[in-house]
Amino acid sequence: MIAQRRVAIAVTVVATGVFVLLAALFVPWSPVPGGTPDPVPVRDVLTSTEVARAEQFTGVLRRWGWAATAVNLLVVVLLALSTRVRHWAGRLPGPWWVRVLLAVAGVELAARVATLTFSVLSRRHVRAAGLSDQAWTGFARDLVVAEALDIVVTGLLALVVVGCARRWRRAWPAVVAGLAAGLVVAGSFAYPLVVEPLFNDFEPLPQGELRTGVLALAQAEGVPVDEVLVADASRRTTTLNAYVSGFAGSRRVVLYDNLVDDVPREEALSVVAHELAHARHDDVLVGTVLGASGAAAAVGLLGLVLVRRRPSEAATVPTMVALLVVGGLLALPVQNGISRTIELRADVEALRVTGDPEAFEALQRRLALRSLADPTPPAWSQWWFGSHPTLLVRVALARS
C-alpha cells in the first residue's frame, strides 16, 4: 500500500510537471497582439429580437444540460458508494476481463438511462427552434453509437487498470500512466479515420472557386493538407461549422456541407483560414500531447484514491467510472481555457491571411444566428464550459 502510494505520487507530480511545461511552451497565452480587446456592445451586432431569441433558446438548453450533468454525476457517485453495486460487480460471471467490461457497461447504461429524458427534451427543443430536422430514428442511432463508444473507451481503460494492477501490484500506476498516454496519442490519430465516419459521410470538396481558394490559403499559410472534405452534417443540424482533426498522415480539414452550400465564398474561406491556422500551429498535436500528460496525471491521482481499495478486481469499476466523470468535470476549466486561447490565435491568423475583417465579422454573426448562440453567456458558465471565445469578443477582434 505504501509502495503504491509512493508510485502514484511520483506519477502525479511528474505528469503534472510535464503538462505545465508543455502548456507553458506551446499554448499561446498572449494570442492577440496588444491584448484581447474588450467585447463590443451586443446592440452593435444583434438586434434586441435576435438577442432575446438566442437567450431564450440557450437558456432552456443550458438548463437541460446542467440538469443532465448533475444527474449523471449523482448516479455514478451513488453507484460507486453503494456496497451492493460493488458486490454485484464483483460477482459478475466470467473471467476477470469479462466482469470488468460487464461492470463498465452496467454503470454506463445506468447513467445513460438516467439522463435520457434530458437528451430527448434537448433534442425536442433544438428541433422546435429549427436547428435540426434529423429524424428521431437518426437521433436514436447516434445515441446508441455514442453510448457504445463510451463503453468501449471506458472499458478499455478499465481493462488496462485492472489488468496492470493484477500484474504489478505496486507499480501499476506508472505502467497504466504510460499506457494511458499512449492510448490518447493513438486515439487522436485514429479518431478521424475510425470514429468520425460513424456519424458522417465524407467526400472531397469538389473542384471550383472554393476549392481553389482553400488550396491557395493552404499554400499561403504553408500548411500541407492531406484532405479537404465535406461532411453531410445537414442531415443532422442546420448550424454551420468546420474543423481540423488528426495529424501527420490523418490530418484533414472538414467543412459542413451547409457551410459550403449556404455561405458566401469569402466567409467560407474565413472559416477555412481559421482551421488551417490550427493545422499550421499543429494544435491537434499540441492538444494530444497535453491530453496524454493530463491522462497520465489523472492515473496518478486514481492510484492515490484507490490505495485502500482493490484496483485488481472488477468490484472497483464503479469507483473508477465515478472518478472519471468527476475528474473530467473538474478538468473542464483548464481544458476550455486552453481551447479559447488557441481559438483566438486561429482567429488572428485567419484575419491576417485573408485580410478581410468584414467577411470575418459577417461570418461570426451568421454563425451565431444559425446556432442561436447566447451572445452574453453567464461569466462562470463561459469560464467553465465555453471552448470558444464569445461572438462579441470575436467581433471586437475583427474591428480592432
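Preceding this paragraph is the structure being described.
Since we're looking at a predicted model, the values are computed, not measured.

1. Notes on the sheet that holds strand 4 (residues 252-256)
Phase 1: Strand order in the open sheet formed by 4 strands is 1-2-4-3, and the pairing between neighbours is mixed. Strand pairing shows two members of the sheet lacking a second neighbour, strand 1 (202-204) and strand 3 (242-245), which therefore form its edges. Strand after strand, the sheet turns through a mean of 30° between neighbouring axes, direction not considered.
Phase 2: In the sheet, strand 3 pairs with strand 4 via 4 bridges, with the strands oriented antiparallel. Across the sheet, residue Y243 finds its bridge partner in strand 4, namely V254.

2. What to know about the side chain of H278
Phase 1: Mapping H278 onto the fold places it in helix 10 (residues 265-280).
Phase 2: Since its relative accessible area comes to 6%, H278 is described here as buried.
Phase 3: The residues contacting H278, other than those within four sequence positions of it, are V244, D283, I342, E343 and A346.

3. Description of the packing of aromatic side chains
Phase 1: On inspection of all chains with the given rule, the structure shows 6 aromatic pairs.
Phase 2: Here the aromatic rings of W64 and F118 are separated by 6.1 Å at their centres, their planes lie at 45°, and the arrangement is tilted. Here W64, found in helix 2 (residues 48-81), pairs with F118, found in helix 4 (residues 96-128); they are 54 residues apart in sequence, far enough to count as distant.
Phase 3: By relative accessible area, which is 17% here, F118 ends up buried.
Phase 4: Here a set of aromatic residues connected by ring pairs shows up, and it is made of W66, W380, W383, W384 and F385.

4. A few points about unusual backbone geometry
Phase 1: Here D282, not a glycine, exhibits a phi torsion of approximately 55°, which is positive.
Phase 2: Looking at the element boundaries, D282 is found in the loop between helix 10 and helix 11 (283-305).
Phase 3: The partly exposed category is assigned to D282, whose relative accessible area is 35%.
Phase 4: Unlike most non-glycine residues, L372 shows phi in positive territory, near 55°.
Phase 5: Secondary-structure assignment places L372 in the loop between helix 13 (357-371) and helix 14 (379-385).

Basis of the calculations
- Residues numbered from 1 in each chain as written.
- Predicted model: local features only at pLDDT ≥ 70, side-chain atom pairs only at ≥ 80, totals over all residues.
- Heavy atoms only, no water.
- Pairing = 2+ DSSP bridges.
- Helix = DSSP H or I, 4+ residues; strand = E, 2+ residues; numbered from the N terminus.
- Axes fitted to C-alpha atoms, helices over the stretch in contact; angles between N-to-C directions.
- Buried < 20%, exposed > 50% of the residue type's maximum accessible area, 1.4 Å probe, protein only.
- Contact = heavy atoms within 4.5 Å.
- Phe/Tyr/Trp six-rings, centres within 6.5 Å; stacked < 30°, edge-to-face > 60°.

As far as function goes, none of this settles anything; it's purely spatial.
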